[in-house]
Structures are given as structure tokens and as C-alpha cells.
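Each chain is listed here by its residues.
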Amino acid sequence: HQLRPPPPAPNAPGRPLARGFPASPGAASGAAVFSAAEAVERGAREAVILVRPETSPEDIHGMHAARGILTARGGMTSHAAVVARGMGRPCVAGAGELRIDPEAGTFRAGPVTVKRGDIITIDGAAGEVIIGAVPTVEPQLSGVFRRVMEWADEIRRLGVRANADTPEDAAAAKKFGAEGIGLCR
């Protein structure tokens, strides 16, 4: 059961432009940006997706500012994938059909060219890249899953704590039932 970030809405429009590894679950839409610095600067004003051939430790500030990460190289254990999962950011890694040109601020997939600022959506659970914004649904604890979690709460002895690096992480953890913060980096 994926609780965070939100998945795409069922039957959401949009055919995948490209596919890669489903490196970190959830869906995110935003303006395509091609450097960590641009993600920080533009991400303060609007949602952005950091698009890189691959990420490195020097990109960490841009990864944090972005709603999602898209790379042409790498896999499920690549830097982008591991860091994105740890941050709770959607990530599609190793979308090898993408030809990313960070200097020009473009990427191509077949005959389609996406420019800096164009809105894209990544689905980190399916490994898909889609042109345009795709609506998402806010995950909810409901139905059978909620009941099972209530039963577990009745008999458990351990406290539930979350990893949270930001105030937003702490708020989400509280929303989903965490009793406190267990790790903050």
C-alpha cells in the first residue's frame, strides 16, 4: 500500500512518452528543469521535475527542491533512485530512450522534444514519463487496510516513529499515524 506521495488518478489521461525504472513511487507533475541550481531557484515559485542524465551528490539541493526526479541513466539502486526513495520523492530512473541535453535545456524521446519549463509528469510506481500534468489522488487509510492497522494498533507494544527531514515530512508522518520522529538527518 503506497501512502505517500500521491499516485496518479485512476484512468488519468496521457500516454507515456518514455519508460524507465519505477525507482521511487508516487506521481509528480512540474516544469522540466535541467540543473540542481535551476530546481532550487525555480522550485521556490512552482513545482519542478529535475531532469538529469544521472544525478550525483552535488545535485542533492536540487533533488530536495524538486517534486520528482527523472534520469536517463541508472537503475533501482542508482544515486537518483536511492536518494529519491529516502526523501519520499517520485523518481523514474534509467529512461534510456531519453536524449537529455542539460546545456540546451531539452530532452527528446523519439520525435518529441521537451523544453525547459514544459510541464511533465513522472509516475515513479510505473516508471512512466508523460507530457503535461496528470491529476493525482491523495492516498487515504480506508477500508480493509485501515481495519488491519487498527487491529495492529490494539496489540502492538512498539511505538511508531517516522524518518523526517523537513517540517512537511513531519506533518505527513503525523497525518499517517506516527507518534513521533525517530530519525532526522
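Every chain is numbered on its own, with residues counted from 1 as its sequence reads. pLDDT decides what is reported in this predicted model: residues at 70 or higher carry local features, side-chain atom pairs at 80 or more are listed and counted, and totals for whole chains, interfaces and linings draw on all residues regardless. To obtain the side-chain values, all non-hydrogen atoms of the structure were used and water was disregarded.

### Points about the overall build of the chain
(1) Moving on: Looking only at helices and strands, the chain features five helices and 13 strands.
(2) Moving on: Looking at the chain residue by residue over its 185 residues, the buried ones come to 42%.
(3) Moving on: For the chain, long-range pairs separated by at least 24 residues make up 53% of all intrachain contacts whose partners lie at least 6 apart in sequence.
(4) Moving on: Surface exposure of the chain reaches about 9900 Å², of which carbon and sulfur atoms provide 55%. Each helix corresponds to a stretch of at least 4 residues labelled H or I by DSSP, and each strand to a stretch of at least 2 residues labelled E; elements are numbered beginning at the N terminus. Only protein chains enter the accessibility calculation, which uses a 1.4 Å probe. A residue is then buried if its area is under 20% of the maximum for its type, exposed if over 50%, and partly exposed in between. By the convention used here, residues are in contact when the closest approach between their heavy atoms is within 4.5 Å. Each accessible area value is a Shrake-Rupley result obtained with a 1.4 Å probe; residue values ignore everything except the protein chains displayed when judging cover.

### Side note on the environment of M63
(1) Moving on: With respect to the helices and strands, M63 occurs in helix α2 (residues 60-65).
(2) Moving on: On the basis of relative accessible area, M63 is assigned to the buried category, the value being 0%.
(3) Moving on: For the pair formed by M63 and V48, sequence separation is 15 residues and the distance between their alpha carbons is 9.8 Å.
(4) Moving on: The residues contacting M63, other than those within four sequence positions of it, are L50, T55, I69, H79, A80, V83, A84, M87 and R89.

### Some words on the pattern of salt bridges
(1) Moving on: Salt bridge, as used here: a side-chain nitrogen of Lys or Arg that lies within 4 Å of a carboxyl oxygen of Asp or Glu. Under the definition given, this model contains nine salt bridges.
(2) Moving on: We note a salt bridge from R73 to E54, for which the minimum N-O separation is 3.2 Å. You can see R73 sitting in the loop between β5 (68-71) and α3 (79-87) and its partner E54 sitting in the loop between β4 (48-52) and α2, a full 19 residues away along the chain.
(3) Moving on: A relative accessible area of 44% places E54 in the partly exposed class.
(4) Moving on: A salt bridge links E179 to R156; the shortest N-O distance between them is 2.7 Å. Residue E179 is found in the loop between α5 (167-175) and β13 (180-183), and its partner R156 is found in the loop between α4 (143-155) and β12 (161-163); the two are separated by 23 residues along the sequence.

### Some remarks on the side chain of S78
(1) Moving on: Considering the arrangement of structural elements, one finds S78 in the loop between β5 and α3.
(2) Moving on: In this structure S78 comes out as buried when scored by relative accessible area, which is 14%.
(3) Moving on: Distance and chemistry together define a polar contact, namely a pair of N or O atoms within 3.5 Å, with one atom able to donate a hydrogen and the other to accept it when in protein, and with adjacent residues in sequence counting only for side-chain atoms on both sides. Polar contacts involving the side chain of S78 include one to the main-chain carbonyl oxygen of G75, which spans 2.9 Å.

### Brief notes about the nonpolar core
Nonpolar side chains in soluble globular proteins tend to end up buried together.
(1) Moving on: To form a nonpolar core, buried Ala, Val, Leu, Ile, Met, Phe, Trp, Tyr and Cys residues must be joined to one another through side-chain atoms within 4.5 Å. In terms of nonpolar packing, the biggest core is built from 19 residues, with I49, V51, L70, L98, I100, F107 and I120 touching the most fellow members.
(2) Moving on: Among the elements of the structure, β1 (16-19), β3 (27-33), β4, β8 (106-109) and β10 (119-123) are those that each provide at least two residues to this core.
(3) Moving on: Beyond its immediate sequence surroundings of up to four residues, I49 is in contact with A28, S29, G30, A31, A32, V33, R67, G68, I69, L70, I120 and I122.
(4) Moving on: By size, the runner-up hydrophobic cluster in this structure holds 16 residues, among which are L50, M63, A81 and V83.

### Section: a nonpolar patch on the surface
(1) Moving on: Residues V144, V148 and W151 make up a contiguous nonpolar surface patch of roughly 310 Å² in combined accessible area.
(2) Moving on: Looking at where V144 falls in the secondary structure, it is placed in helix α4. Each patch is built from residues that are more than 30% exposed by relative accessible area and take part in no salt bridge. Like charges join if they lie within 9 Å; nonpolar side chains (Val, Leu, Ile, Met, Phe, Trp, Tyr) join within 5 Å.

### Looking at the sheet that holds strand β7 (residues 99-101)
(1) Moving on: Ordered in space as β7-β8-β9, the three strands form an open sheet in which the pairing is antiparallel. The sheet is open, and its two borders are formed by β7 and β9 (112-115), each paired with just one other strand. Strand-to-strand twist across the sheet, computed as the mean angle between neighbouring axes with direction ignored, equals 15 degrees.
(2) Moving on: Where β7 lies against β8, three bridges are found, and the strand directions are antiparallel. Across the sheet, I100 pairs through a bridge with F107, a residue of β8. Whether two strands pair comes down to DSSP finding at least two bridges between them. An axis is simply a line fitted to the C-alpha atoms; with a helix, the fit covers only the stretch in contact. Between two such axes, the angle follows the N-to-C directions and lies from 0 to 180 degrees.

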